Amino acid sequence: MNPSLARGLAYFLAGVLALAPAACTPPAPQPRQTVTIPDNEIDPAVWGKAYPEEYELWKKTEEPISARRSKYKTGMDSGPVTMDKLSHFPFMALLFNGWGFGIEYNEPRGHAYMVRDQLEIDSSRLGAGGVCLSCKSPYAPGLQKELGTDYYRKPFREVLAKIPEKNRDLGVACIDCHDHRDMGLRISRGFTLLEAFRAMGVDPGRLTRQEMRSAVCAQCHVTYNIPKDAEGQSVGLYFPWQKGNYGAITIEAIIAQIRSDPRVLEWKQAVTGFRMAFIRHPEYEFWTNQSTHFRAGASCADCHMPYTVVGVHKVSDHRVMSPVQADMKACKQCHAQSPQWLRDRVFSIQDRTVSILIRAGYQCATVAKLFETAHRARAEGKTIDAALYDRAKEFYEEAFYRTVFMGAENSVGFHNPPEGLRILGDAIAFGTRAEAYLRQALAKAGVEVPLKVDLEILKYVDQRGEKKLRFDPSLEFKDPFGLQDRFF
Ligand code: HEC
Ligand code: HEC
Ligand code: HEC
Ligand code: HEC
């Protein structure tokens, strides 16, 4: 057989396997030790007595990766290092100026760090209150039930102090994803994820095992909104999926929901003075929106928790991490190509996404600065055409939310390449229109605007917050295709 035919056949077989997910998933778990896990047991060490292999792998999410294999996701390069996302993408520092994300925003690290990273971050990032524990601590569901609204609004450290000291910095634990009786997958965060599924008309009890292998991750790897009361205190938490459908939680549906609920305008963007909502790590929404791998029946666990052999057992790799850092082992379950080939595919997708993300980001930053100019002109007594201004604002927000969505999605486009480029293309379209309306409004008001808008980027990205965080130019991701400089 000629090599390309052989590859084609292997690819075809891979597709068939992917469509029969059971072939890709390990057999149902059998307890390997006669240890009973007590009801409501949170401590993973106790679970580990029954399932030592998974427990040992789970603990390893703390360990750094010895060799850098990822191009853009370098959060686990070495232990205590946190990667400054605002140095990666300086336009974000300008856009997020006005609250915590504009001060300190880091690349994700291993699961073991989730609470520890919160304790180390600039305190402005914890302003929302106890609600911040929701996608971090296995104690969150219990505390939410016990404290009601106080859970959301009370200061972060006060709610944290209710967790037994020895488990205070415990991140995602066995109980978050498993039923202790049969180790079946379960959703522990009823107050967020189950509600969100029901709001879309999905009965979470009917999800298949393969769907559950993604749903457990959707407890946290999703975007969420924190509604505020009149005093600006957090009063709840929800996923903005109400206007979407299973397999189609589109950016349009998310923006429409945000726009319909003024309580979720959580912060004020300093440059424009606009009250805004925010979008966080929307991995689940982005990936399930008709990506090739979702449609092929894959799951988050297929790529991030592949089988691995430990001693005589074949187990799911509970050392959850980037498949690139893990040398593409996960992909090989379904793809016959070499790790090098697969890695090149990932980088090629990510380079294209980053190039357009940078274009969209600086376009938003330019419009934000033009709003600053317009507001200054208005303060000086000039009249800004209201119709043009309103249109510009509406389009700017459309551009902004799309850009934030793609900047926050953690695969740099890989999870759904064409959807990523669609979202960013639209961000640029809305952003350029917003700029055109504003320039017209400013011209009408007799305000001269230079061809090149000075973004004053260093003012935002250098010397941030209480730690005076510095811009590190060596971290900046430049346009891989070298076009950005031509757009200023
Ligand atoms: C309880 C919430 C929660 C659940 C459930 C969860 N994650 Fe995470 N995950 C996080 C947080 C928070 C981080 C970032 C931690 C940090 O930077 O301190 C993270 C980080 C990651 C990373 C980056 C790791 C690295 O080494 O850089 C990957 C990959 C990941 N999660 C995948 C998954 C997958 C796949 C699932 C489902 C099997 C899952 N997560 C379930 C909260 C969660
Ligand atoms: C087809 C394989 C595949 C599937 C399915 C998949 N991912 Fe990924 N994921 C990747 C790749 C590849 C990357 C990029 C990693 C890199 O650049 O190092 C990534 C990156 C990530 C990251 C950032 C990792 C880091 O080191 O910072 C997170 C978090 C993540 N994925 C979570 C998820 C979640 C949650 C799901 C399901 C909703 C999911 N992934 C589905 C392949 C996959
Ligand atoms: C973020 C979610 C998550 C966490 C946390 C988690 N697991 Fe799992 N676990 C999974 C998934 C997904 C599977 C695959 C299940 C399937 O295919 O039905 C799995 C499978 C298992 C299995 C079945 C055998 C295997 O390895 O496939 C055992 C046993 C297990 N986990 C034990 C544990 C223990 C012990 C802990 C805590 C130390 C833990 N898990 C933490 C998601 C998780
Ligand atoms: C559960 C099986 C499965 C796993 C695991 C898997 N893939 Fe795939 N992948 C598929 C299937 C099926 C297709 C569609 C095949 C086709 O095009 O005929 C596909 C398509 C692709 C494509 C082309 C379409 C696109 O979205 O760009 C790339 C690139 C790709 N996979 C890379 C990867 C990488 C990298 C990994 C590991 C991080 C991976 N895959 C893991 C099953 C899988």
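Residues numbered from 1 in each chain as written. Chains lettered and ligands numbered in written order. Predicted model: local features only at pLDDT ≥ 70, side-chain atom pairs only at ≥ 80, totals over all residues.

### Thoughts on the overall build of the protein chain
A count of helices and strands for the protein chain gives 20 helices and 4 strands. Taken against the 2.2 N^0.38 rule, which gives 23 Å for 488 residues, the C-alpha radius of gyration of the protein chain at 23 Å falls within 12% of a compact globule. C-alpha extents for the protein chain along the principal axes are approximately 80 × 65 × 45 Å. Per-residue burial over the protein chain gives 42% buried out of 488 residues. Across the protein chain, contacts joining residues at least 24 apart in sequence account for 72% of those joining residues at least 6 apart. (Helix = DSSP H or I, 4+ residues; strand = E, 2+ residues; numbered from the N terminus. Rg over C-alpha atoms; globule rule 2.2 N^0.38 Å. Buried ≥ 20, exposed ≤ 12 C-beta atoms within 10 Å, placed from the backbone. Contact = placed C-beta atoms within 7 Å.)

### Describing the packing of helix α17 (residues 339–379) against helix α18 (residues 386–408)
For the pair α17 and α18, interaxial distance at closest approach is 10 Å and the crossing angle is 145°. Crossing of α17 over α18 shows left-handed handedness. Facing α17, whose interface residues are Leu357, Ala360, Gly361, Gln363, Cys364, Val367 and Ala374, α18 presents Tyr389, Tyr396, Ala399, Phe400, Thr403, Met406 and Gly407. Residue composition of the contact of α17 with α18, by class: 10 nonpolar, 4 polar and no charged. (Axes fitted to C-alpha atoms, helices over the stretch in contact; angles between N-to-C directions. Left-handed = near helix turned anticlockwise from the far one by under 90°. Nonpolar A, V, L, I, M, F, W, Y, C, P; charged D, E, K, R; others polar.)

### Some words on unusual backbone geometry
A positive phi angle, near 50°, is found at glutamate 456, a position not held by glycine. Mapped onto the elements, glutamate 456 comes out in the loop between α19 (417–444) and α20 (457–461). For glutamate 456, a count of 13 C-beta atoms within 10 Å puts it in the partly exposed group. Unlike most non-glycine residues, glutamine 463 shows phi in positive territory, near 60°. Its location among the elements puts glutamine 463 in the segment after α20.

### Concerning the pairing of strand β4 (residues 313–316)
Along any regular strand the residues' side chains alternate between the sheet's two faces. The pairing of strand β3 (residues 307–310) with β4 spans 4 bridges and is classified as antiparallel. Of the residues in β4, the one forming a bridge with valine 309 is lysine 314. Counting the residues in the hairpin turn of β3 and β4 gives 2 residues, including glycine 311, whose phi is positive at 60°. (Pairing = 2+ DSSP bridges.)

### Some thoughts on the confidence of the model for the protein chain
Confidence along the protein chain averages 92 in pLDDT terms, with 92% of residues attaining 70 or more. Across residues 1–23, confidence stays below pLDDT 50; counting only partners more than four residues off in sequence or on other chains, it has 20 contacts. (pLDDT = per-residue confidence, 0-100.)

### Details of the nonpolar core
Grouped together as the largest cluster of nonpolar side chains are 117 residues, with contacts concentrated most on Leu95, Ala399, Ala434 and Leu438. Per element, the largest residue contribution to this core is 15 residues, and it comes from α17. (Core = buried A, V, L, I, M, F, W, Y, C linked by C-beta atoms within 7 Å.)

### A look at the packing of α17 against α19
Running from N to C, α17 and α19 point in directions that differ by 20°, and their axes come no closer than 9 Å. As far as their axial angle goes, α19 and α17 are roughly parallel. Read as a crossing pair, α17 and α19 show a hand that is left-handed. Looking at the contact of α17 with α19 residue by residue, the class counts come to 19 nonpolar, 8 polar and 3 charged. (Parallel < 35°, antiparallel > 145°, perpendicular 65-115°, else oblique.)

### Quick word on α19
Turn by turn, an α-helix covers 3.6 residues, leaving residues three or four places apart pointing in a common direction. Helix length check: α19, at 28 residues, gives a terminal C-alpha distance of 41 Å against a target of 40 Å (1.5 Å per residue), a fit within 8%. Those residues of α19 that sit buried are Gly420, Ile423, Leu424, Ala427, Phe430, Gly431, Ala434, Glu435, Tyr437, Leu438, Ala441 and Leu442. On its buried face, α19 sits against α13 (251–260), α17 and α18. Trailing α19 by a residue or two, glycine 446 shows a phi angle of about 80°, which is positive. (Expected span 1.5 Å × (residues − 1).)

### Some words on the environment of glycine 75
Counting through the fold element by element, glycine 75 comes out in the loop between α3 (52–59) and α4 (85–88). Overall, the presence of 24 C-beta atoms within 10 Å leaves glycine 75 in the buried class. For the pair glycine 75 and leucine 237, spaced 162 residues apart in sequence, the C-alpha separation works out to 27 Å.

### Notes on the environment of leucine 265
The topology assignment puts leucine 265 in the loop between α13 and β1 (267–268). Under the C-beta neighbour-count criterion, leucine 265 is labelled partly exposed, with 17 such atoms within 10 Å. Through-space distance from the C-alpha of leucine 265 to that of isoleucine 358 is 25 Å; in sequence the pair is 93 residues apart. If sequence neighbours within four positions are ignored, leucine 265 has contacts with Arg275, Met276 and Ala277.

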